[in-house]
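Letter by letter, the chains look like this.
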Amino acid sequence: MRKRICFVLLAFSWSMVVHAQKTKAVRNLDLNPFYGSILLHNPDISHLIREHPGGVILGFNRKTFGEEAWEQRFGFPDEGISFIYQDMGTSTLGKNYGLYLHYNFYLLKRHLKMRIGQGIAYASSPYDAITNFRNNAYGSDFMSSTYLMLQFNKERIWNRLGINAGITLVHYSNANVRAPNTSTNTLGLTAGILYELQAEQPGIEEYKRWPKEPVTEGVRLNLVFRSGINESDVVGSGQFPFYIFSAYADKRLAQVSAIQVGTDVFFSNFLKELIAFQSNSFPEMPVDPNADYKRVGVFIGHELFINKLTVITQLGYYVYYPFDFEGRVYNRVGIKRYFGSKWFGAISLKSHGAKAEGIEFGVGIRL
């Protein structure tokens, strides 16, 4: 699992570097220290919130100027790679180190910057049954991580130096790859500097404009196979593979969005172990030891087309639900990367509300 996550992240990083070499080379670096608090999203981590965590975010950004039509549609965002070092404030949680791909989107004449970053983080002090049993937030040393930043942005205040200031939210979770997995969310204040790597400042005439094109696509059929490994919340119950087969139709509403409706069939092997455990260890629970571990759901969704990358959000309901696990409603968020006009790879997080079930790695075709 760790190797798969690292490979995907490196592949996306390499794709961005190659793309940057073929386009206008206007880049900058930013350094943003932050200081804040761990949010109490779950009472089970209250014993871990003792100090204020702090850290630093280092970012490398490439500006876009409309070489491709999607760049104009999203207000000429930046593409970038970033690194986060965070001291969680306690020896139990330790320190986290993260590597991310991100986009910077701009508003208010580019004075308001919103960054969205997704990557992988390494925890220096994960859960250990003997040496670190109090850490019920991080069950593994490698975790999925997402961060958001909303900042006031002012470039070239003095020569090539500018400033950033605002708020940031950093999330760490291994998505139940291994228990425990209560996760953490850090909300912090941040202020930093921005350094332009080019002496010249690009003018408005350098931005390319594209004509608006009508949407002519009809309904498309998508077939997806997803897989991964996960574990129930019972520590030490073991990691098991899961398999998901999905079919859905989508209709493009605009250049940037499409709606979806479809079905999922889940083969979640960790539920076999959980059903056996609960039926044998807790006879007072109404668990049938012969209950089926499979589930079938129907969902509606949305796909946001950025470039070859898209963002998916889906909300589903189990219509076949023989064993009660976290409720009938589920949701999925993730990214897709198209290779050509039909084939795509996907990474997504499937959860029940804020309770993650697993990270899904998928391959599919859009017919």
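Chains are numbered independently. Their residues run from 1 in the order of the written sequence. Selection of residues for local features in this predicted model requires a pLDDT of at least 70, selection of side-chain atom pairs for listing and counting requires 80 or more, and totals for whole chains, interfaces and linings are taken over all residues. Calculated side-chain values reflect all of the structure's heavy atoms, with hydrogen atoms and water omitted.

Caption draft 1: Broad picture of the overall build of the chain. Helix numbers and strand numbers start at the N terminus; a helix is a DSSP run of H or I with at least 4 residues, a strand a run of E with at least 2. Within the chain, the regular secondary structure consists of three helices and 16 strands. Along the three orthogonal principal directions, the C-alpha set of the chain runs to about 70 × 55 × 30 Å. Evaluated residue by residue, the chain yields a buried proportion of 48% over its 367 residues. A separation of at least 24 residues holds for 62% of the contacts in the chain among residues at least 6 apart in sequence. For every accessible area listed, the method is Shrake-Rupley and the probe measures 1.4 Å; residues are considered covered only by the protein chains on display. Within the structure as shown, the chain displays about 17600 Å² of accessible surface, and the carbon and sulfur contribution to it stands at 65%. Side-chain charges of the chain comprise 39 positive and 31 negative groups, with the mean position of each set lying 6 Å from the other. A simple rule labels every residue: compare its accessible area, found with a 1.4 Å probe on the protein chains alone, to the largest value its type can have, and call it buried under 20%, exposed over 50%, or partly exposed in between. Any two residues having at least one pair of non-hydrogen atoms within 4.5 Å are treated as being in contact. Here the positive residues are Lys and Arg and the negative ones are Asp and Glu; neither His nor the chain ends is included. By convention, charge coordinates are those of NZ in Lys, CZ in Arg, CG in Asp, or CD in Glu.

Caption draft 2: Focus on the pattern of salt bridges. We define a salt bridge as a side-chain nitrogen of Lys or Arg found within 4 Å of a carboxyl oxygen belonging to Asp or Glu. If you walk through the whole model with that rule in mind, you get 16 salt bridges. With a shortest N-O distance of 2.6 Å, Arg 115 and Asp 30 are connected by a salt bridge. In this pair, Arg 115 sits in strand E5 (residues 112–123) while Asp 30 sits in strand E1 (residues 27–38), placing the two residues 85 residues apart along the sequence. In this structure Arg 115 comes out as buried when scored by relative accessible area, which is 0%. Assessed through its relative accessible area of 1%, Asp 30 is described here as buried.

Caption draft 3: Structural view of the sheet that holds strand E15 (residues 343–352). A pair of strands is labelled paired if DSSP reports no fewer than 2 bridges between them. Here we have eight strands rolled up into a closed barrel, ordered E9-E10-E11-E12-E13-E14-E15-E16, and antiparallel in their pairing. Here the average twist between neighbouring strands, direction ignored, is 25°. Axis definition: a line fitted to C-alpha atoms, limited for helices to the stretch in contact. Angles are taken between N-to-C directions and run from 0 to 180 degrees. Contacting strand E9 (219–230), strand E10 (240–254), strand E11 (257–268), strand E12 (294–305) and strand E16 (355–366), helix H3 (residues 270–281) runs over the sheet at an angle of about 50° to E11.

Caption draft 4: Quick look at the nonpolar core. Nonpolar cores were defined as sets of buried Ala, Val, Leu, Ile, Met, Phe, Trp, Tyr and Cys residues, with membership established by side-chain atoms within 4.5 Å. Judged by nonpolar contacts, the single largest core of 18 residues is most densely connected at Ile 84, Leu 93, Tyr 100, Tyr 138, Tyr 147 and Tyr 172. Breaking this core down by element, the ones donating at least two residues are E1, E5, strand E6 (142–158) and strand E7 (161–173). At three residues, E6 tops the list of elements feeding residues into this core. Every residue in contact with Leu 93, bar those within four places of it in the chain, is listed here: Ile 38, Leu 48, Met 88, Ser 125, Asn 135, Ala 137 and Tyr 138. Residues Ala 258, Phe 266, Phe 299 and Tyr 318 belong to the second largest nonpolar core, which totals 13 residues.

Caption draft 5: View of the sheet that holds strand E2 (residues 54–63). Sheet architecture is closed into a barrel: eight strands sit in the order E1-E2-E3-E4-E5-E6-E7-E8, paired in antiparallel fashion. When the angles between neighbouring strand axes are averaged without regard to direction, this sheet yields 25°. Where E2 meets strand E3 (residues 78–87), ten bridges bridge the pair, whose relative direction is antiparallel. Bridge assignment links Arg 62 to a residue of E3, and that residue is Glu 79.

Caption draft 6: Spotlight on the environment of His 111. Here His 111 lies in the loop between strand E4 (95–107) and E5. Put simply, His 111 and Ser 279 are 168 residues apart on the chain and 58 Å apart in space, counted from C-alpha to C-alpha. Residues in contact with His 111, not counting those within four places in the same chain, are Gln 151, Phe 152, Asn 153 and Lys 154.

Caption draft 7: The side chain of Arg 220, seen in detail. Relative to the helices and strands, Arg 220 resides in strand E9. Assessed through its relative accessible area of 18%, Arg 220 is described here as buried. Here Glu 217 takes part through its side chain, which lies 3.0 Å from a polar atom of the side chain of Arg 220. Excluding residues that lie within four positions of it along the chain, Arg 220 makes contacts with Tyr 248, Ala 249, Asp 250, Ser 341, Arg 366 and Leu 367. Polar contacts here mean pairs of N or O atoms no more than 3.5 Å apart (in protein, one a potential hydrogen donor and the other a potential acceptor; neighbouring residues in sequence count only if both atoms are side-chain atoms).

Caption draft 8: Main features of the packing of aromatic side chains. Any two rings among Phe, Tyr and Trp, with Trp reduced to its six-membered ring, count as a pair given centres within 6.5 Å; such a pair is stacked if its planes are under 30 degrees apart, edge-to-face if over 60, and tilted if neither. Going through the model one piece at a time under the given rule, you end up with 21 aromatic pairs. Look at Phe 225 and Phe 245: their rings are 5.2 Å apart centre to centre, the planes differ by 45°, and that puts the pair in the tilted class. In this pair, Phe 225 sits in strand E9 while Phe 245 sits in strand E10, placing the two residues 20 residues apart along the sequence. Residue classification places Phe 225 among the partly exposed positions, given a relative accessible area of 32%. Among the aromatic residues, ring-to-ring pairing joins Trp 70, Phe 74, Tyr 103 and Phe 105 into one connected group. Above the face of the Phe 266 ring, Lys 350 is positioned so that its terminal group lies 4.0 Å from the ring centre. Here, a charge over a ring means that NZ of Lys or CZ of Arg falls within 6 Å of the ring centre while also lying within 35 degrees of the ring normal.

Shape descriptors only; they carry no functional weight alone.
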